[in-house]
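Below, each chain spelled out in residue letters.
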Amino acid sequence: MVQAWRTISTANPIITPAVLLLILLIPFVYRLYFAHHRHIPAIPLARLTSLPLHALCYLGIEGRVLRHYHLKYNTKLLIVAPNSVSVSDPAAVRDIYITAGGFPKDDRYRNFNLGPVVSIFSAIDTEYRDKRAKAVAPLFAPSRLRAASEKDGVIGSSVAEFVDQFRAFKQAGVKVDIVDLCARLSIDVVTGYLLGEKYGGLSEHAHFSVESRERQEMKLSANPFIMAIVAFSRFSLLPNWVFKLLYSLSTRLSKNEEVITTFVKLDQFTNRVMSNVARPPSSAAKAREESAASFYQARLLQAGISPAEAAAQSKAIVFAGADSTAVMLATILFHLVQNPNARGRLLQEIRGSKENVVAQDPQSLPYLRAVVKEGLRLGMANPTRLTRVVPASSSAAGFNVDGVHVSPRTVVGCAAYMLHHDPDVFPEPFAFRPGRWFQNEKEVHIGEKSLDGANDGEGLYRPEMDRSMVPFGAGLRACIGKALAQQQLYETVFALVHSEVLEDGARTVQQRIEMKEWFNGEIKWHKLEVDWVR
Ligand code: HEM
């Protein structure tokens, strides 16, 4: 055999490399000419390799580039890697995420594990996820959220502190970085509400006067932790073994003292909230314990989760909850500052609202609802595809989008960036137009009286808008913290506009919000400033 091979190679020295080359080319030829999805348009080179997609993900431009190609080829399906298809069709949301619990999360979610610990978010195994998610679900009940929004509740007191600090910046004539202030509020709300102890984001630098350079330059101390995780999501599409290798290399090489200090500080915080629930019973501490038992970490322990895992899950929720809510809140406030008409109209609605109605639920105010919805549409906390894998089970046997069959085992996903900026559903897709959410002007009224102000949504209403909104994902694996996030958004926007802090010439220093479109979107330079021209 060896002899025969030698004879062929010496007789035809070209054959060996040529044959080898041919063998190597087979998968590429197959992908180009024979693959099931060969008729679906693709981004350049994506039929052959996933490298372009990794590059887009790394650079944080996945959303805008995929949108460009969806529009260019006028297609609802777009090949983004040999086995991966981007879907830009609200009708497909039901099949992918909702029906029968939706398609399972794909392997990329393993890259969001917390070292050895699988979080509620990163779990692919739904039984594992359900056990934990069910244990903590009662924490998000509307009655509990409303109670926490009272003046002395965790949400109510944090929002009041936030407005006070905003006002202090205004009175001192100093620029306020709303990304930082929103991050401080969000981390306090998530930790105080879920873990029973505020991280102290709003208070940690409050002893400096707002005029001082220290106060203006100091950012939330948990930022380096949050930003390190957000930035690592640029690698989230890599195979898990490559991701792990990169991660361990980077942690070994990283000498960033700031990041290390923040990780240690968060570990100390988590250990403290864990010890709050683990304290031995004593009659004096009984009342406190009873209420401590209703927090996130305690509920996980009660469900049989180990203390080490409960601590890791608690740390994960700080990240999952705080950063996304801060990005969304900062987006809403930024647009409200830039749009005096919308702000005036909201102020009018808030002033005219009956106190008891608002106390029950600020979400009952129609224009406020439209403002928050429009902010959630534009705010790109999770701009990219929420990836799932089409099940191989014969009952599913793939699924159809716009009459085109997508085969089992394909990675598919819809992205907020595409659905929220579809010009057919949201004309002027990048503009902040809360009025688009009203079919007609008469819907915006207080009692019998219509709200004044130019209708900022004239002609922009489309009946299919709600179907295209996925800021919190969809189906069983949608955001478990949605109710908490919305409560914070409504309470804060209401309180801040009501305080009139945004009046008297407030303007944004940056002209627009620029995002890094990683899995967790990041506002570039982590900064958006507001000042007042008098
Ligand atoms: C405005 C703020 C928020 C936005 C825009 C947001 C967005 C999302 C999205 C899009 C998903 C689905 C991800 C996917 O399918 O891959 C998700 C899942 C999740 N979110 Fe949020 N989120 C927000 C706030 C929160 C808060 C406050 C918490 C907790 C306190 C939280 C905890 C989670 C968890 C645990 C999951 C995973 C659920 C599962 O896989 O079963 N989020 N979020």
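Residues numbered from 1 in each chain as written. Predicted model: local features only at pLDDT ≥ 70, side-chain atom pairs only at ≥ 80, totals over all residues. Heavy atoms only, no water.

Looking at an unreviewed UniProt entry, one finds the chain named Cytochrome P450 and attributed to Lepraria finkii.

Section: the site of the ligand
Rules: It suffices for a single heavy atom of a residue to lie within 4 Å of a molecule or strand for the residue to be listed as near it. Here a polar contact means two N or O atoms within 3.5 Å. Within protein one must be a hydrogen donor candidate and the other an acceptor candidate, and residues neighboring in sequence count only if both atoms are side-chain atoms. The helix count covers DSSP runs of H or I at least four residues long, the strand count covers runs of E at least two residues long, and both are numbered beginning at the N terminus. For this scheme, ten residues count as nonpolar: Ala, Val, Leu, Ile, Met, Phe, Trp, Tyr, Cys and Pro. Four count as charged, namely Asp, Glu, Lys and Arg, and the remainder, Gly too, count as polar.
The ligand sits among 27 residues. The nearest are Lys 105, Tyr 109, Arg 129, Arg 388 and Cys 479. Arg 129 places a side-chain nitrogen or oxygen 2.7 Å from an oxygen atom of the ligand. The set of elements that each furnish at least two residues to the shell around the ligand consists of helix H16 (307-338) and helix H21 (482-499). If you tally residues by element for the shell around the ligand, the top one is H16, at 6 residues. Classifying every residue of the shell around the ligand by side-chain character gives 17 nonpolar, 6 polar and 4 charged.

What to know about the packing of H16 against H21
How two helices sit against one another is set out by the angle between their axes and by the gap between those axes. Test applied: The axes used here are C-alpha line fits, helices contributing only the stretch in contact, and every angle between their N-to-C directions lies in the interval 0 to 180 degrees. Roughly parallel covers angles under 35 degrees, roughly antiparallel covers those over 145, roughly perpendicular covers 65 to 115, and oblique covers all other angles. Take the far helix as the reference: if the near one is turned anticlockwise from it by less than a right angle, the crossing is left-handed, and if turned clockwise, right-handed. Between two residues, a contact is recorded if the distance between any of their heavy atoms is within 4.5 Å.
The interhelical angle for the contact between H16 and H21, taken along N-to-C directions, is 30°, at an axis separation of 10 Å. Looking at the two axes, H16 sits roughly parallel to H21. In this structure, H16 crosses over H21, and the sense of that crossing is right-handed. Residue-level contacts link Thr 325, Met 328, Leu 329, Ile 332, Leu 333 and Leu 336 of H16 to Ala 485, Gln 488, Leu 489, Thr 492, Val 493, Leu 496 and Val 497 of H21. The residue makeup of the contact of H16 with H21, split by class, is 10 nonpolar, 3 polar and no charged.

A look at the nonpolar core
How we decide: Nine residue types can take part in a nonpolar core, namely buried Ala, Val, Leu, Ile, Met, Phe, Trp, Tyr and Cys, and a core is a set of them joined through side-chain atoms within 4.5 Å. Residue exposure (1.4 Å probe, protein chains only): buried if accessible area is under 20% of the type maximum, exposed if over 50%, otherwise partly exposed.
Counting residues in hydrophobic clusters, the biggest one holds 139 residues, and the most contacted among them are Phe 162, Phe 166 and Leu 194. Top contributing element to this core by residue count: H16, with 16 residues. Filtering out sequence-adjacent residues up to four positions away, Phe 166 remains in contact with Val 176, Ile 178, Leu 181, Leu 333, Leu 496, Val 501, Leu 502 and Trp 532.

Things to note about the sheet that holds strand E4 (residues 388-389)
For clarity, the cut-off: Two strands pair under a simple rule: DSSP has to find at least two bridges between them.
Strand order across the open sheet formed by 4 strands is E1-E2-E7-E4, with mixed pairing between neighbours. Unpaired on one side and paired on the other, strand E1 (77-81) and E4 mark the two borders of the sheet. Pairing between E1 and strand E2 (residues 84-87): 4 bridges, direction antiparallel. Following the sheet pairing, Leu 78 is matched in E2 by Ser 86. Contacts between helix H4 (residues 62-72) and the sheet are confined to E1 and E2, with E1 contributing the most and set at about 140° to the helix.

Quick look at helix H5 (residues 90-98)
The condition is simple: The directions from the helix axis to the C-beta atoms form the arc being described.
By the burial criterion, the buried members of H5 are Pro 90, Ala 92, Val 93, Ile 96 and Tyr 97. Seen end-on, H5 carries its buried residues on one side only, within an arc spanning 125°. Along its buried surface, H5 packs onto E2, E4, strand E5 (399-401), strand E7 (411-413) and helix H20 (416-419). Among the residues of H5, the N-terminal cap falls to Asp 89, whose side-chain oxygen and the backbone nitrogen of Ala 91 are separated by 3.0 Å. Note on H5: the residue one or two positions beyond its end, Ala 100, has a positive phi of about 50°.

As for the sheet that holds strand E10 (residues 506-508)
Strands pair in a sheet through their backbones, by hydrogen bonds, and they do so in one of two ways: parallel or antiparallel. Spatially, E3-E13-E10 is the arrangement adopted by the 3 strands of the open sheet, whose pairing is antiparallel. Two strands in the sheet have a free side with no partner beyond their single neighbour: strand E3 (176-177) and E10. Sheet strands touched by H16: E10 and strand E13 (529-532). Its angle to E10, the strand with the most contacts, is close to 120°.

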